[in-house]
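Chain by chain, the residues run as shown.
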Amino acid sequence: MIAKISGGKDTAGLIRYLFDTKKAKDHTDPHLVASWDGFAPDPGRADDFDTTKRLLVADLDLHVKQARRLGRAPEKHTWHCSIRAAESDRHLSDEEWADIARRVVAATGIAPEGDPDGCRWVAVRHAPDHIHIAATKVRGDLRTARHWNDYLTADRELAAIEKEYGLHQVVRGDRTAAKRPTRAEQEKARRQGRKTTSREQLRTTVRQLVSIATSPEEFLTLVDGVDGVRVDVQHFPSGDIRGYKVAVEGDTNAAGEPVWFSGSQLAPDLSFPKIRERLTGIEPPPATEPGSRRRTNPWHQATAAAERIPHHLDQAEVTVAQAHIAAFAEALDILPLLAPDHLRAQLQQAALAFERASRSRIRDQQDQARALRGAVRALRTTPATSDGSGLAMFLDIAVLVVIATTRWHHTRHHDQQVAAAHQALIHLQAAYEHAAAQPLSALAQRKPPARTVERHAQHIRAVLPDHADQVLDDPAWPALAAALAQAETAGHDPRQLLQHAADQRALEDARSTARTLTWRIQRLGERHVLGPRAQAPNAHHAVMDPAAPQQPQARRR
């Protein structure tokens, strides 16, 4: 069940709306199911509707008028709470809705149980799946009702009601979600033929720009350069930047002025102070491999950084873990900007869903996850490669990261984040299946000779005995065998490389162990091969292990 609570200052207007059957199409049978004393006049069941409605308004307003004479009545004296059941729920009887109404007004402080001076209220049912509670907020002792945090107290009571009545249990959040577009914003977008509201469009744009910016100043420059978006930067008297606000070009209010949104109105973590905190101290990764002149692959760096996230979620403090989840969300934000056209829709949906999973009541430790944030920003100048292997490699790890994030939130009862991570996982898996098909097929076509394939199969049985049958029966096994052969040709020890790949992270969460190993072998196989002196310990290990196959001497670089 979901409750919506609002206030107002027109009792007659509220009652008129609740019993209206002409303008409101879902008001099929408005009638009272409960009231403060059980004897309130019911316009929906009365022969003289107008007279009974006026009597009901007068009864509800009695204490308000008395308090007004004493100058003690609040300006907004009405309290309106709508309660809607899920579509899958059974239709509740009037008696059951009456019980729910009494429990909600008691829990919120409108009419505490056993309090003879509680506020006057009525519960109106005009459709099978929901009711409206209308109350005036002046008590019988002419004091204003104490109903602070009424939405939270109502929500807690509804959670208990769902369990007792056997109804659908709504996934409840922790009030860290970004503000949803209002109904007026949604209707405006519909009239203008736009699929998303201005708030949602700007939130996506700003979040993507934060994911590629390396400093607060660069972020503002990037926003200023976006077509169709206006930006207004505010400064302190000292000249320092205080904040920013953005608007969609052409989106104006009734006065013809732009409809501005500050960063905090888009999402809690998009205010300028939050952005400045996130972008301080970001360092790009080295352009070349340590000890080599060979240029590093940004996709490999981002994948390697993301691959360590599940370990941080298992071992690190919660603030550190939260920082890595937030940094991973930035990585997902940038992917739609880099991916081929046919993958962008799925990746955009994955980023939008995971955005909710990236925030919780746990404050992230901003000095963490610098490696991933730096690697993500290095990707902006490196679109997905022509063969798509870099993106597919990253998406394979991204799926494992989202699974680990889901598990992390689940253990902390972050229900909305768990649901959001599940949605992100669906889109990421779909994107990965499309992204991986072509590079895996191309790699499999380079299948090495049968003797080489069998030798690598023996490596699989020796290094991964628990996964060997699964790997060797996987359609991706030819691609893995080809990756191992390529690494061996480059001078790597395939068995040691395979052991390293297996040790990086447990493989139980991988949908295809063979594919996950293929990407890891490819990434590790492109690293610089150590010279003979550095490989001496490995050679000694080979002597001690007669079963280890002899490998060609590593090439000097």
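As the structure is a prediction and not an experimental result, all values here were calculated from the model.

Draft legend 1. Representation of the environment of H126 in the model. Among the secondary structure elements, H126 is positioned in strand β4 (residues 121-127). For H126, a relative accessible area of 1% translates into the label buried. For H126 and P30, which are 96 residues apart along the polypeptide, the C-alpha to C-alpha distance reads 3.7 Å. The contacts of H126, once residues within four sequence positions are left out, are L18, D26, H27, T28, D29, P30 and H132. Among the polar contacts made by the side chain of H126, one reaches the main-chain carbonyl oxygen of L18 at a distance of 3.1 Å. One polar contact links H126 to H132, side chain to side chain, over a distance of 3.2 Å.

Draft legend 2. Structural detail: the packing of aromatic side chains. Within this structure, the stated rule accounts for five aromatic pairs. Ring centres 6.4 Å apart and planes at 65° place the aromatic pair F19 and F49 in the edge-to-face group. Placement of F19 in the loop between α1 (11-18) and β2 (31-35) and of F49 in helix α2 (residues 49-69) is noted, with a sequence separation of 30 residues between them. Aromatic pair F328 and F354: ring centres 5.3 Å apart, planes at 85°, arrangement edge-to-face. Of this pair, F328 sits in helix α12 (residues 318-338) while F354 sits in helix α13 (residues 341-357), and the two are 26 residues apart along the sequence. By relative accessible area, which is 0% here, F328 ends up buried. Three or more aromatic residues joined by ring pairs make a cluster, and in this case those are W299, F328, F354 and F394.

Draft legend 3. Region of the structure containing the environment of G256. For G256, the location among the structural elements is in the loop between β7 (241-248) and β8 (261-262). Judged by relative accessible area, G256 falls into the partly exposed class, the value being 49%. C-alpha of G256 to C-alpha of V64: the two residues are 192 residues apart in sequence and 39 Å apart in space.

Draft legend 4. Up close: unusual backbone geometry. A positive phi is found at L142, a non-glycine position, where the angle reads about 70°. Counting through the fold element by element, L142 comes out in the loop between β5 (130-136) and α4 (150-165). On the basis of relative accessible area, L142 is assigned to the buried category, the value being 15%.

Draft legend 5. The packing of helix α15 (residues 389-411) against helix α21 (residues 513-525), seen in detail. Viewed as axis vectors pointing N to C, α15 and α21 meet at an angle of 125°, and their least axial separation amounts to 10 Å. Viewed along their axes, α15 and α21 adopt a mutual orientation that is oblique. In this structure, α15 crosses over α21, and the sense of that crossing is left-handed. Taken together, the residues of α21 that come into contact with α15 (itself represented by S389, A392, M393, D396, I397 and L400) are T516, W519, R520, Q522 and R523.

Draft legend 6. A look at the pairing of strand β3 (residues 78-84). The element β3 is largely enclosed, with a buried count of six among its seven residues. Where strand β1 (residues 2-8) lies against β3, seven bridges are found, and the strand directions are antiparallel. What sits directly across from I2, in β3, is R84. Here seven bridges tie β3 to β5, and the two strands are oriented antiparallel to one another. For I83, the partnering residue across the bridge sits in β5 and is I131.

Draft legend 7. Spatial organisation of the nonpolar core. Core analysis: the biggest nonpolar cluster contains 106 residues, and F219 and F328 have the highest contact counts within it. Those residues in contact with F219 that sit more than four places away from it in its chain are V206, L209, V210, A213, Y244, I275 and L279. Counting residues in each nonpolar core, the second largest holds 29 residues, with L92, A101, A154 and L158 among its members.

Draft legend 8. Examining the side chain of R125 more closely. Considering the arrangement of structural elements, one finds R125 in strand β4. A distance of 3.3 Å separates a polar atom in the side chain of R125 from the backbone oxygen of A127. If we ignore the near neighbours within four places in the chain, the residues touching R125 are D29, P30, H31, V33, L92, S93, D94, W97, H130 and I131.

Draft legend 9. The arrangement of the pattern of salt bridges in detail. All chains considered together, the criterion is met by 30 salt bridges. The partner of R373 in a salt bridge is E330, with the nearest N and O atoms 3.1 Å apart. Taken together, the residues R373 in helix α14 (residues 370-378) and E330 in helix α12 connect sequence positions 43 residues apart. The same class applies to R373 and to E330, which are both buried. It is possible to trace a salt-bridge network through shared partners that takes in R207, D269, R278, E330, E355, R359, R373 and R377.

Rules used throughout
- Residues numbered from 1 in each chain as written.
- Predicted model: local features only at pLDDT ≥ 70, side-chain atom pairs only at ≥ 80, totals over all residues.
- Heavy atoms only, no water.
- Helix = DSSP H or I, 4+ residues; strand = E, 2+ residues; numbered from the N terminus.
- Buried < 20%, exposed > 50% of the residue type's maximum accessible area, 1.4 Å probe, protein only.
- Contact = heavy atoms within 4.5 Å.
- Polar contact = N/O pair within 3.5 Å; in protein donor to acceptor, adjacent residues only side chain to side chain.
- Phe/Tyr/Trp six-rings, centres within 6.5 Å; stacked < 30°, edge-to-face > 60°.
- Axes fitted to C-alpha atoms, helices over the stretch in contact; angles between N-to-C directions.
- Parallel < 35°, antiparallel > 145°, perpendicular 65-115°, else oblique.
- Left-handed = near helix turned anticlockwise from the far one by under 90°.
- Pairing = 2+ DSSP bridges.
- Core = buried A, V, L, I, M, F, W, Y, C linked by side-chain atoms within 4.5 Å.
- Salt bridge = Lys/Arg side-chain N within 4 Å of Asp/Glu carboxyl O.

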